[in-house]
Amino acid sequence: MNIKILKTHFFSELQTIQEDSEIESFFFILTEFLHNLKRIDVSLHPDFEVSESDLEKWNTIISELKNEKPIQYITGEAWFYGLRFEVNEDTLIPRPETEELVAWAVEFGPYKTIADLCTGSGCIALGLKSKFSESDITGLDISTDALSLAKENSKLTNLDVEFIHADILNINEGFSDKKWDCII
């Protein structure tokens with residue numbers, strides 16, 4: 001099957017649950033993710049052949065999208081504050097509204113010390129570190145799986161943030177003497 005026919009199939013499968021603009025966005029995210037084809041490549045090479053094994057991947061993804069699985073969990077990545085992050089079901093997907101929160105914190109900075117409570121993927125802590133390289137930033141989370149992903153994202157972005165396993169509802173355990181200039 002060529003990419004042009006696949007696009008028609010993709011749209012027809014998802015039209016009852018998504019708007020065309022969203023389907024188109026998903027399609028081009030997936031052509032780049034699965035085939036390293038940008039939008040222009042798809043236009044210039046409509047006869048690009050999709051292998052049977054790749055077609056199986058497409059059909060699996062279509063099923064996942066029909067079950068309302070977010071595209072970021074399917075691709076395993078999301079962009080936040082100009083940085084690429086790995087994401088999975090152990091963390092929330094970074095949102096544009098959260099980027100606004102980081103921009104607001106940047107506006108009032110810099111800070112010597114920053115705590116990111118419930119850090120998840122680490123996107124807030126790492127986004128702040130990208131702006132405040134001299135700040136001592138700590139990301140805290142109760143989920144060891146989330147912290148593992150945050151540490152991977154620290155390596156991926158080449159930004160040094162300390163990630164600590166902690167229950168913020170019992171923050172006095174080991175943190176009673178810690179002071180932060182910014183808690184987010």
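Everything numeric here is computed off the predicted structure, so don't read it as measured data. All residue numbers here refer to positions counted from 1 along the written sequence of the relevant chain. Local features in this predicted model are restricted to residues whose pLDDT is 70 or higher, and side-chain atom pairs enter the listing and the counts only when it is 80 or higher, whereas totals over whole chains, interfaces and linings include all residues. With hydrogens and water set aside, each side-chain value is computed from the structure's full complement of heavy atoms.

Draft legend 1. Just the packing of helix α6 (residues 96-108) against helix α7 (residues 123-131), in detail. Axes here refer to lines fitted to C-alpha atoms; in helices the fit is confined to the stretch in contact. Angles between the N-to-C directions go from 0 to 180 degrees. Comment: elements are numbered from the N terminus, with helices defined as DSSP H or I runs of at least four residues and strands as E runs of at least two. The interhelical angle for the contact between α6 and α7, taken along N-to-C directions, is 40 degrees, at an axis separation of 10 Å. Crossing of α6 over α7 shows right-handed handedness. Where α6 approaches α7, its residues Thr98, Leu101, Val102, Ala105 and Val106 are matched on the opposing element by Ile124, Gly127, Leu128 and Lys131. Here the contact of α6 with α7 is composed, by residue class, of 6 nonpolar, 2 polar and 1 charged. The hand of a helix crossing depends on one turn: near helix anticlockwise from the far one by less than a right angle means left-handed, and clockwise means right-handed. Should any heavy atoms of two residues lie within 4.5 Å, those residues are considered in contact. Amino acids are sorted into nonpolar (Ala, Val, Leu, Ile, Met, Phe, Trp, Tyr, Cys and Pro), charged (Asp, Glu, Lys and Arg) and polar (every other residue, Gly among them).

Draft legend 2. Up close: the pattern of salt bridges. One speaks of a salt bridge when a side-chain nitrogen belonging to Lys or Arg is within 4 Å of a carboxyl oxygen belonging to Asp or Glu. Under the defined criterion, the tally for this structure stands at 9 salt bridges. The residue Glu13 makes a salt bridge to Lys66 at a minimum N-O spacing of 2.5 Å. With a gap of 53 residues between them, Glu13 in helix α1 (residues 3-14) and Lys66 in helix α4 (residues 52-66) connect regions that are remote in the sequence. What makes Glu13 partly exposed here is its relative accessible area of 26%. Residues Glu32 and Lys38 are paired through a salt bridge, measuring 2.8 Å at the closest nitrogen-oxygen approach. On the basis of relative accessibility, which here comes to 37%, the residue Glu32 falls in the partly exposed class. Sharing partners across several salt bridges, the network here consists of Glu64, Lys69 and Glu89. Throughout, exposure labels follow a simple rule: accessible area from a 1.4 Å probe, protein chains only, divided by the maximum for the residue type, with under 20% read as buried, over 50% as exposed, and the rest as partly exposed.

Draft legend 3. Representation of the packing of aromatic side chains. The rule is short: rings of Phe, Tyr and Trp, with Trp giving its six-membered ring, pair when the centres are within 6.5 Å, and they are stacked under 30 degrees, edge-to-face over 60, tilted in between. Counted under the stated rule, the structure contains 8 aromatic pairs. Measuring from centroid to centroid gives 5.1 Å for Trp104 and Phe108, while their planes differ by 65 degrees, and the two rings are edge-to-face. Residue Trp104 and its partner Phe108 are located together in helix α6, separated by 4 residues, close to a single helical turn. Members of the aromatic cluster, joined through ring pairs, are Phe10, Phe27, Phe28 and Trp58.

Draft legend 4. Geometry of the packing of helix α2 (residues 20-35) against α4. Remark: α2 packs on α4, axes separated minimally by 12 Å, with the N-to-C direction vectors making an angle of 140 degrees. The crossing of α2 and α4 is right-handed. Note on element contacts: α4 touches α2 through Asp54, Lys57, Trp58, Ile61 and Leu65, opposite Phe26, Phe27, Leu30, Thr31, Leu34 and His35. Across the contact of α2 with α4, the residue classes break down as 7 nonpolar, 2 polar and 2 charged.

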